[in-house]
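# Report on the structure
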Amino acid sequence: MSSGGTAMNDTASHPTAAAAEPPLIELVNVSKHYRGSSLIGQADAPVLAVAGVDLAVPPASTVGIVGESGCGKSTLGRLVVGLEKPTGGEVRLRGKRVADMGRGERRTSRRDIQMMFQDPYAALNPRMTLDRIIEEPLRALGGISRADRRARVRRLADEVGISAAQLSRYPRELSGGQRQRVGLARALATNPALIVADEPVSALDVSVRSQILNLMASLQAEHHIGYLMISHDLTVIHYFTDHVIVMYLGKFVESGPPEELFRAPAHHYTRALIDAAPNPVPGRAAAVTVRGELPSAAAPPSGCRFRTRCLAAQDLCAEKEPVMRAFGPGHQAACHYPLKEAVPA
Amino acid sequence: MSEEKVQASGGPVLRVSGLDVDIRLPHSVVHAVQDVSLEVSRGETVGIVGESGCGKSTLGLALAGLLPPEAVARGSIKLGDRELVGLRERQLRAIRGTEVGIVFQDPMTSLNPTKRIGAQVGEALRLQRGASKSAALEAAADMLDRVGLPRPREQLSRFPHELSGGMRQRVVIAAALICEPGVLVADEPTTALDVTTQAQILELFDRLSDELGMATLLVTHDMGVVAGHADRVFVMYAGREAEAGGTQTIFDSPRHRYTGALLGSVLRMETPHRSRLGTIPGRPPDLTAPAAGCSFAPRCEAASDDCAAAPPAASADGNHRWSCLHPLDSETAQAPSGGTR
C-alpha cells in the first residue's frame with residue numbers, strides 16, 4: 001500500500017458485509033492523473049486527481065466520499081463506474097481485474113454499476129421521452145424483448161414515483177425532483193449492484209431532497225443495492241452512509257463510521273469540514289477553523305497535503321507524509337498530530 | 001446580534017411596505033411578490049428563505065433596484081427617506097453600488113471578464129464618487145484586504161478567470177462594499193462555494209455588518225446558513241410572507257405550517273441515521289394564477305375549507321408574525337430541537 005492511501009480493511013467487519021462474497025468493486029492503489037493545462041502559464045505539470053487510493057464497497061452498503069471541490073471525489077466516482085481509466089493501480093470487479101477482462105465481459109460486468117448525477121437535466125437526453133430514457137440501458141444491454149423492456153420501464157417508473165402518464169413526456173417538462181427520480185429509474189434499469197451517486201440531492205430544495213433520500217433508502221432495502229455517495233454536504237453523508245471517506249487533494253485522509261467520524265474525528269481537516277458545515281441550529285456559527293482554499297493538485301504540498309491550511313501543522317508535517325493509523329473499529333486517519341490517540345498497532 | 005443592539009441602532013434603513021412585483025411574460029403575468037412588508041435596521045441581517053420559485057430572488061432584485069424591464073413593482077421600498085419604487089434606471093444606477101451593494105450566487109455574472117480586478121472593484125468609487133484612478137485603486141486594494149483576499153495588491157492587475165470561485169466571490173463582495181453601502185443584498189452568495197469557503201465568506205459578512213453597521217438581506221434556501229448568520233428570518237411562500245420573526249423563535253417555535261414542514265424536512269447533524277425524513281407533498285403553486293386563499297393549503301395537512309377562501313390575515317406576537325389559520329401550537333411546535341454547536 002502506498003503511504004497515505006487507505007485500505008478499507010475493515011470491510012470484513014462491516015455489519016452489512018457478507019462474509020465470503022468478494023467486494024463488487026475494489027480499487028487497489030488507484031491513481032488518475034491528467035496532463036496539466038498550460039492555460040495559466042503553468043506548463044504541463046501533471047495533475048494527480050486521485051493519488052493512490054484503496055477502496056471497496058461492501059454489498060448493499062453505502063460508502064460516502066466527502067471533500068472540497070477539486071479533492072478528486074468526482075474523478076474517483078468516474079473511475080468506479082468505468083468512465084475513466086486509472087493511470088496507476090488496478091480496479092477489480094467481483095474479485096477479477098478489469099484489465100484482464102475482454103471487451104464483452106467488461107461490458108456485461110459494467111451493468112452492475114450505474115451512475116446518477118447532480119443535475120439530472122444535463123444527464124438526461126432532452127430529445128427523448130422519459131420511457132425511452134429509462135429503457136435505453138436495457139436496449140444497450142441487448143437480448144431483452146421489446147415487450148419485456150416496456151414492462152420493466154413501467155415497473156421502474158412506478159417504483160420511483162413516476163406515473164405512467166408522465167412517461168411520454170420530455171425531461172424539460174419535469175421538476176428537478178422528478179428528473180432525479182427518472183435518473184434513479186434509469187440507473188436501476190439494469191438491476192445494478194452499485195449506484196454511484198455524485199451529489200444526487202445537492203441541486204434540490206430541502207423538501208424534495210428528503211423525498212429523494214427516502215426513495216433511495218427504500219430502493220436500497222428492496223433491491224440490496226450499494227451506493228457510493230459523493231457529496232460535499234456533511235449532513236447528507238452523516239445521515240445516509242455506513243462508512244465515510246474524507247478526501248483531500250487526491251488522497252484519503254480519514255475514513256470511518258459516520259457517527260464516530262463526525263463526533264470525534266482524528267484528522268484536523270475533518271474537524272474543519274464539520275465546523276464549516278452550516279447546521280440548522282440557531283446561534284452564531286462556529287468559528288472558522290480552516291482558511292484559504294485547496295492548493296493546486298499540480299503542485300501538492302510536501303509531506304501532509306493539508307499542512308498549508310492546518311492550524312496544528314509542525315515541521316514534521318512538511319517533511320514526512322503521514323500514514324493511515326487506526327483510531328477505532330473501522331476508523332483510520334493519516335495525521336502526525338491527530339485530535340485523538342491512535343489505537344496502538 | 002442581540003435585541004438591544006437592534007434597538008440602539010435607530011430606525012430601519014430599509015422599509016418595504018405592501019410590495020407587489022408582477023413579471024409580464026408574453027402570455028401571462030407571474031405574481032412573483034405579493035403584499036410583502038419588511039424592515040431592516042442598521043447592522044442587522046435578515047434571512048429571506050423559501051423553496052425555489054417562492055419569489056425570494058425577485059424580492060432581492062426589487063430591493064437592489066435591479067428588476068428586469070418586464071417587471072412592474074407597486075407599493076413602497078424606502079431606502080432611508082428615499083422611495084425606490086418608480087425611480088428611473090439612471091437614478092437607480094446611482095444608488096446601486098453606493099447605497100445598496102449586491103452580491104449574487106455566481107460571481108461571473110457580476111464581474112466583467114475582460115477588466116482587471118482593481119478597476120472593477122474601484123469602479124463605483126470612480127463613477128459615483130468621482131475618485132481619481134489612483135485613489136480608487138488604493139481603496140480597492142484596501143477593501144480586497146478587508147475581504148480576505150491574499151496579497152491584495154498583486155491581485156489588482158489580474159483578471160477574474162485567474163482566481164478561484166471563492167476568491168472571485170470575495171472580489172464581488174469587495175466591489176459591492178467599496179462605497180460602504182448601508183444595505184447589502186446577497187442572493188445565495190455562497191451556494192456555489194465549498195463549505196469551507198462559505199464559512200469564511202459568511203463570517204466576513206458578520207464582521208462587516210458589525211464594523212460598518214451594514215444592513216444585510218441574505219436570500220437563501222439553506223436553513224443552516226440562516227440559523228448561523230441571520231438575526232431575523234422572513235419565510236416566503238408563493239410570493240407572500242408566510243412567517244417572520246427572530247431566528248431563534250422561528251427555529252424553536254414556528255407557527256406557520258409551511259415553516260414547520262420546511263424545518264421538519266431539513267437534515268441536521270442530529271438527524272438520526274436513516275430515520276424516515278419529513279417531506280412536503282406536492283409542489284409550490286404556479287404564480288401566474290395565485291390561489292384565492294392560502295397558497296400552501298393544497299400541500300398542508302391541517303388545511304380546512306376556510307383556508308381556500310381568502311388569504312389568511314397575519315397574527316402577531318411581538319415581532320413574530322405568521323399568516324396561518326391553523327397555526328402550530330407555540331408550546332408543541334413540531335420543529336425538531338437540535339443540539340448546540
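This structure is a prediction, so every number in the text was calculated from the model and none was measured.

### Observations regarding the overall build of chain A
In terms of regular secondary structure, chain A is built from 11 helices and 12 strands. Relative to the globule expectation of 20 Å for 345 residues, the C-alpha radius of gyration of chain A, 21 Å, shows essentially globular dimensions. Residues counted as buried form 51% of the 345 residues belonging to chain A. A sequence separation of at least 24 residues applies to 68% of the contacts in chain A between residues at least 6 apart.

### With respect to the overall build of chain B
When helices and strands are tallied, chain B shows 13 helices and 12 strands. Relative to the 2.2 N^0.38 estimate, which gives 20 Å for 341 residues, the radius of gyration of chain B is 21 Å and therefore close to what a compact globule would have. Burial analysis of chain B (341 residues in total) assigns 53% to the buried set. Taking all contacts inside chain B whose residues are at least 6 apart in sequence as the whole, residues at least 24 apart take part in 65%.

### Concerning the interface of chain B and chain A
With 44 residues of chain B in contact, the opposing surface of chain A contributes 36 residues. Elements with a contribution of two residues or more to the side of chain B that touches chain A: α9 (195-212), α10 (223-229) and α11 (247-252) of chain B. Here the side of chain B that touches chain A takes 8 residues from α9 of chain B, the largest share from any one element. For the side of chain B that touches chain A, the per-class residue count stands at 13 nonpolar, 21 polar and 10 charged.

### So, the sheet that holds strand β9 (residues 243-248) of chain A
Within a beta sheet, neighbouring strands are joined by backbone hydrogen bonds and run either parallel or antiparallel to one another. All names here are of chain A. An order of β6-β7-β8-β3-β9-β10-β12-β11 is seen for the 8 strands of this open sheet, with the pairing classed as mixed. With one partner strand each, in any of the chains shown, β6 (113-116) and β11 (325-328) form the two edges of the open sheet. Between one strand axis and the next, the sheet turns through 25° on average, direction left out of account. Taken together, the 3 bridges between β11 and strand β12 (residues 331-333) define a ladder with antiparallel strand orientation.

### What to know about α9 of chain B
With 18 residues, α9 of chain B extends 25 Å between its outermost C-alpha atoms, agreeing within 8% with the 26 Å of an ideal straight helix rising 1.5 Å per residue. Every buried residue of α9 of chain B is accounted for by Val195, Thr196, Thr197, Gln198, Ala199, Gln200, Ile201, Leu202, Leu204, Phe205, Leu208 and Ser209 of chain B. Where the residues of α9 of chain B are buried, they touch α10 (268-276) of chain A together with β3 (45-49), α8 (165-177), β7 (183-187), β8 (215-220) and α10 of chain B. Phi for Gly213 of chain B, located one or two positions after α9 of chain B, is positive at around 70°.

### What about the confidence of the model for chain A?
When pLDDT is averaged across chain A, the result is 88; 91% of the residues are at 70 or more. The low-confidence segment residues 1-18 of chain A, where pLDDT is below 50, has 49 contacts with residues more than four positions distant or belonging to other chains.

### Observations concerning the pairing of β6 of chain A
Residues and elements named next belong to chain A. Residues Ile113 and Met115 of β6 are buried on one face, and the alternating residues Gln114 and Met116, pointing to the opposite face, are buried as well. Pairing of β6 with strand β7 (residues 194-198), which is carried by 4 bridges, proceeds in the parallel orientation. For Gln114, the partnering residue across the bridge sits in β7 and is Ile195.

### Topic: the environment of Ala189 of chain A
Residues and elements named next belong to chain A. By the secondary structure assignment, Ala189 is in the loop between α6 (176-188) and β7. On the neighbour-count criterion, Ala189 (23 C-beta atoms within 10 Å) is buried. It is 9.3 Å that separates the C-alpha atoms of Ala189 and Arg111, two residues lying 78 residues apart in sequence. For Ala189, the contacting residues outside a window of four places in its chain are Ile134, Pro137, Leu138, Arg152 and Leu156.

### Concerning the sheet that holds strand β6 (residues 100-103) of chain B
All names here are of chain B. Read from one edge to the other, the open sheet built from 8 strands follows the order β6-β7-β8-β3-β9-β10-β12-β11, with strand pairing classed as mixed. A strand with exactly one partner marks an edge of an open sheet, and here the two such strands are β6 and β11 (315-317). Pairwise comparison of adjacent strand axes, ignoring direction, gives a mean angle of 20° for this sheet. Pairing between β3 and β8: 5 bridges, direction parallel. Looking at the pairing, Ile48 lines up with Val219 of β8.

### Here's the deal with the domain arrangement of chain B
Residue and element names in this part refer to chain B. Per the domain assignment, the segments making up chain B are domain 1 (3-99 + 181-322) and domain 2 (111-180). One C-alpha centre belongs to domain 1, the other to domain 2; they are set 29 Å apart. Listed per partner, the contact involves 14 residues of domain 1 and 12 residues of domain 2. Per-element accounting of the side of domain 1 that touches domain 2 gives the leading share, 6 residues, to α9. Split by residue class, the side of domain 1 that touches domain 2 holds 10 nonpolar, 4 polar and no charged.

### Examining the nonpolar core
Grouped burial of nonpolar side chains is what soluble globular proteins tend to show. Core analysis: the biggest nonpolar cluster contains 195 residues, and Ala174 and Ile178 of chain B have the highest contact counts within it. In terms of residues, this core owes the most to one element, strand β2 (residues 47-57) of chain A, which gives 9 residues. A domain-level breakdown of this core finds at least three residues from each of domain 1 (3-99 + 181-322) and domain 2 (111-180) of chain B. Excluding residues within four positions of it along the chain, Ile178 of chain B makes contact with Val121, Gly122, Ala124, Leu125, Ala139, Ala140 and Met143 of chain B.

### Topic: the pairing of strand β3 (residues 62-66) of chain A
Residue and element names in this part refer to chain A. Most of β3 is tucked away, with 5 of its 5 residues classed as buried. Neither face of β3 is open: one carries Thr62, Gly64 and Val66, the other Val63 and Ile65, and all of them are buried. The pairing of β3 with strand β8 (residues 226-230) spans 4 bridges and is classified as parallel. Bridge pairing links Thr62 to Tyr227 in β8. Here β3 pairs with β9 via 4 bridges, running parallel. Within the sheet, the bridge partner assigned to Val66 lies in β9 and is Val246.

### Focus on the environment of Thr241 of chain A
Residue and element names in this part refer to chain A. Residue position: Thr241 is located in the loop between α8 (234-240) and β9. Among the residues examined, Thr241 registers 24 C-beta atoms within 10 Å and is labelled buried. Taking the C-alpha atoms as reference, Thr241 lies 33 Å from Gln314; in sequence the two are 73 residues apart. Those residues in contact with Thr241, other than ones at most four positions away along the chain, are Thr62, Val63, Gly64, Met229 and Pro258.

### Focus on helix α4 (residues 130-141) of chain A
Residues and elements named next belong to chain A. Among all positions in α4, only Leu130, Asp131, Ile133, Ile134, Glu135 and Leu138 are buried. Buried positions along α4 lie against α5 (146-160) and α6. Gly142 sits one or two positions beyond α4 and adopts a positive phi of about 75°.

### What to know about unusual backbone geometry
Its identity is not glycine, yet Asn29 of chain A carries a phi of approximately 50°, on the positive side. Within the element layout of this structure, Asn29 of chain A appears in strand β1 (residues 25-34). Residue classification places Asn29 of chain A among the partly exposed positions, given that 16 C-beta atoms sit within 10 Å. The phi torsion at Arg151 of chain B lies on the positive side, around 45°, for a residue other than glycine. With respect to the helices, strands and loops of the structure, Arg151 of chain B is situated in the loop between α6 (133-146) and α7 (152-155). Since 10 C-beta atoms lie within 10 Å of it, Arg151 of chain B is described here as exposed.

What counts and what doesn't
Residues numbered from 1 in each chain as written. Chains lettered and ligands numbered in written order. Predicted model: local features only at pLDDT ≥ 70, side-chain atom pairs only at ≥ 80, totals over all residues. Helix = DSSP H or I, 4+ residues; strand = E, 2+ residues; numbered from the N terminus. Rg over C-alpha atoms; globule rule 2.2 N^0.38 Å. Buried ≥ 20, exposed ≤ 12 C-beta atoms within 10 Å, placed from the backbone. Contact = placed C-beta atoms within 7 Å. Nonpolar A, V, L, I, M, F, W, Y, C, P; charged D, E, K, R; others polar. Pairing = 2+ DSSP bridges. Axes fitted to C-alpha atoms, helices over the stretch in contact; angles between N-to-C directions. Expected span 1.5 Å × (residues − 1). pLDDT = per-residue confidence, 0-100. Domains from an automatic or database assignment. Core = buried A, V, L, I, M, F, W, Y, C linked by C-beta atoms within 7 Å.

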